[in-house]
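Tertiary structure, described
Now for the letters of each chain:
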Amino acid sequence: MNRILTLFFVTILVFSCKNTDEKQNITDKKHSETVSTPITAIVIHGGAGTILKENMTDSLEKAYKTKLEEAVTKGHEILKSGGSATEAVVETLTILEDSPLFNAGKGAVFTHDETNEMDASIMDGSNLNAGAVAGVMHIKNPIRLAFEVMENSPHVLLSGRGAERFAQARNFQLVPPSYFYTENRFQSLQKVKKKESNQTAFVDPSIKDSKFGTVGCVALDQNGNIAAGTSTGGMTNKRWNRIGDSPLIGAGTYANNKTCGVSSTGWGEYFIRGMVAHDISAMMEYKGVSLQEASEEVIQKKIPALGGDGGIVALDKEGNIAMEFNTAGMYRAYINTEGELYIGIYKE
Ligand code: ASP
């Protein structure tokens with residue numbers, strides 16, 4: 001009898017342990033299904049154009065790569081430590097704006113009147129909020145002002161003096177125009193002007209080759225939020241307060257958590273007409289195509305068909321990255337969801 005009773009209790013014990021184990025397994029499974037490791041990714045560009053290896057010195061190439069790596073690494077660190085996509089975009093682009101290598105902030109190209117007029121924009125894909133500035137002449141970091149417009153004004157796009165009055169009201173220090181003087185950008189303007197004086201046309205199409213260096217960044221943060229931003233000095237020899245695609249939401253910059261974030265660089269007039277950044281997002285949203293397919297369609301077909309050139313960097317909500325351009329080169333870099341760093345300049 002005793003043996004029967006012992007057997008009975010042992011059976012019950014074994015059964016209840018098994019049951020608890022199974023329950024635990026189910027809970028673990030549920031847990032791993034809902035709490036997946038958050039992913040981050042970041043991609044940047046430093047402008048697209050006729051960037052050829054034969055025109056590049058080793059030291060200049062190294063300088064570009066070092067700066068691109070510094071900027072993308074900074075943005076990645078912000079994302080890894082839980083920072084927002086918008087913060088990563090602003091801080092990354094600030095590094096590029098502070099470098100004379102790029103056509104944004106410090107290294108902005110010259111207008112026909114020998115001034116520097118800068119444009120920038122940012123968009124938050126979590127709420128489709130956006131901010132932009134155009135034609136600012138005394139703002140050290142136009143991307144920070146674009147962010148300020150997004151966060152602390154009821155507007156999306158401010159321009160010229162008004163944008164700078166807003167900056168002062170928000171405690172931005174204005175810098176003198178001399179801050180933006182760089183000898184090589186000034187010489188580029190003189191060259192373009194000389195060429196132009198030999199032409200009958202108002203604007204020599206070859207000027208598109210003397211402007212590359214616009215900067216852009218797209219980031220995906222641990223909360224699944226996507227942000228995109230772009231900053232530029234525009235095109236060398238521009239006049240009449242010409243504004244390009246970079247400060248225009250939908251053309252130069254777009255971000256939507258449902259689809260992707262995009263930053264454009266290239267011949268702005270065509271990117272405005274092609275609504276490049278939004279077009280890529282719209283193709284994904286309405287036609288269900290992948291980020292890569294949508295980017296190729298716009299950059300390799302639509303823009304060349306209009307007669308324009310340039311490129312984009314973009315990423316989607318899964319952290320897939322696209323870097324598409326139809327020019328000889330595009331300064332670019334990313335750190336993907338696996339933490340892998342890539343830096344490129346020319347076509348591969
Ligand atoms: N898209 C810029 C503009 O047209 C220039 C560039 O990206 O190189 O102002």
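Residues numbered from 1 in each chain as written. Predicted model: local features only at pLDDT ≥ 70, side-chain atom pairs only at ≥ 80, totals over all residues. Heavy atoms only, no water.

Regarding the sheet that holds strand 10 (residues 321-325)
Within a sheet, neighbouring strands are paired by backbone hydrogen bonds and run either parallel or antiparallel to one another. Strand order in this open sheet of four strands is 7-8-9-10, and the pairing throughout is antiparallel. Of all strands in the sheet, those with a lone pairing partner are strand 7 (253-255) and strand 10, marking the two edges. Mean inter-strand twist for the sheet, computed between neighbouring axes without regard to direction, equals 10°. In the sheet, strand 8 (residues 260-266) pairs with strand 9 (residues 310-316) via seven bridges, with the strands oriented antiparallel. Opposite V262, over in strand 9, you have A314 as the bridge partner. (Pairing = 2+ DSSP bridges. Helix = DSSP H or I, 4+ residues; strand = E, 2+ residues; numbered from the N terminus. Axes fitted to C-alpha atoms, helices over the stretch in contact; angles between N-to-C directions.)

Things to note about the site of the ligand
Taken together, the neighbourhood of the ligand is formed by eleven residues, with T214, R242, D245, T265 and G266 sitting nearest. Here T214 contributes a side-chain N or O atom positioned 2.8 Å from an oxygen atom of the ligand. Isolated, the ligand exposes 270 Å² of accessible area, and the fraction of that covered by the protein chains is 100%. Residue composition of the shell around the ligand, grouped by class: one nonpolar, seven polar and three charged. (Near = heavy atom within 4 Å. Polar contact = N/O pair within 3.5 Å; in protein donor to acceptor, adjacent residues only side chain to side chain. Areas by Shrake-Rupley, 256 points an atom, 1.4 Å probe, with all protein chains shown as cover. Nonpolar A, V, L, I, M, F, W, Y, C, P; charged D, E, K, R; others polar.)

So, the packing of helix 3 (residues 85-97) against helix 4 (residues 142-152)
With their axes 8 Å apart at the nearest point, helix 3 and helix 4 run at an angle of 155° to one another. Regarding the angle of helix 3 to helix 4, the classification is roughly antiparallel. From helix 3, T86, V90, E91, L93, T94 and E97 reach across to helix 4, where they touch P142, I143, R144, F147 and M150. Residues belonging to the contact of helix 3 with helix 4 are distributed by class as follows: six nonpolar, two polar and three charged. (Parallel < 35°, antiparallel > 145°, perpendicular 65-115°, else oblique. Contact = heavy atoms within 4.5 Å.)

Structural notes on the environment of M137
By the secondary structure assignment, M137 is in the loop between strand 3 (129-136) and helix 4. As a C-alpha pair, M137 and L174 span 37 residues in sequence and 8.8 Å in three-dimensional space. For M137, the residues in contact, after removing those within four places along its chain, are T115, N116, E117, M118, E164 and F180.

What to know about the pattern of salt bridges
For the structure shown, the criterion picks out 14 salt bridges. Close ionic contact of K67 with E70 constitutes a salt bridge, the shortest N to O distance being 3.0 Å. In this pair, K67 and E70 are both assigned in helix 2 (residues 58-80), three residues apart and thus about one turn of the helix distant. Looking at K67, the relative accessible area reads 22%, which means it is partly exposed. What makes E70 partly exposed here is its relative accessible area of 39%. (Salt bridge = Lys/Arg side-chain N within 4 Å of Asp/Glu carboxyl O. Buried < 20%, exposed > 50% of the residue type's maximum accessible area, 1.4 Å probe, protein only.)

Topic: the sheet that holds strand 12 (residues 341-346)
Pairing is mixed across the open sheet formed by eight strands, whose spatial order is 4-3-2-6-5-1-11-12. Each edge of the open sheet is held by one strand with a lone partner, namely strand 4 (157-159) and strand 12. Taken pair by pair, the neighbouring strands of this sheet meet at an average axis angle of 5°, ignoring direction. In the sheet, strand 3 pairs with strand 4 via three bridges, with the strands oriented parallel. The residue of strand 4 that forms the bridge with V133 is L158.

Re the packing of aromatic side chains
This structure, assessed with the given rule, holds nine aromatic pairs. Aromatic pair F110 and Y181: ring centres 5.7 Å apart, planes at 65°, arrangement edge-to-face. Taken together, the positions of F110 in the loop between helix 3 and strand 2 (118-124) and Y181 in the loop between helix 5 (160-169) and helix 6 (183-197) put the pair 71 residues apart, joining distant regions of the chain. Among the residues examined, F110 registers a relative accessible area of 3% and is labelled buried. (Phe/Tyr/Trp six-rings, centres within 6.5 Å; stacked < 30°, edge-to-face > 60°.)

Observations concerning the pairing of strand 5 (residues 215-220)
In summary, the side chains of a regular strand alternate between the two faces of the sheet. Among the six residues in strand 5, six count as buried, and that is most of the element. By the alternation rule, side chains of strand 5 split into V215, C217 and A219 and G216, V218 and L220, which are all buried. The pairing of strand 1 (residues 41-49) with strand 5 spans five bridges and is antiparallel. Looking at strand 5, one finds that H45 is bridged to G216. When strand 5 meets strand 6 (residues 226-232), the two strands line up antiparallel, connected through six bridges. Bridge pairing in strand 6 links L220 to I226. In textbook terms, the turn of a hairpin is the stretch between consecutive antiparallel strands, and for strand 5 and strand 6 this stretch comprises five residues, one of which, G224, has a positive phi near 80°.

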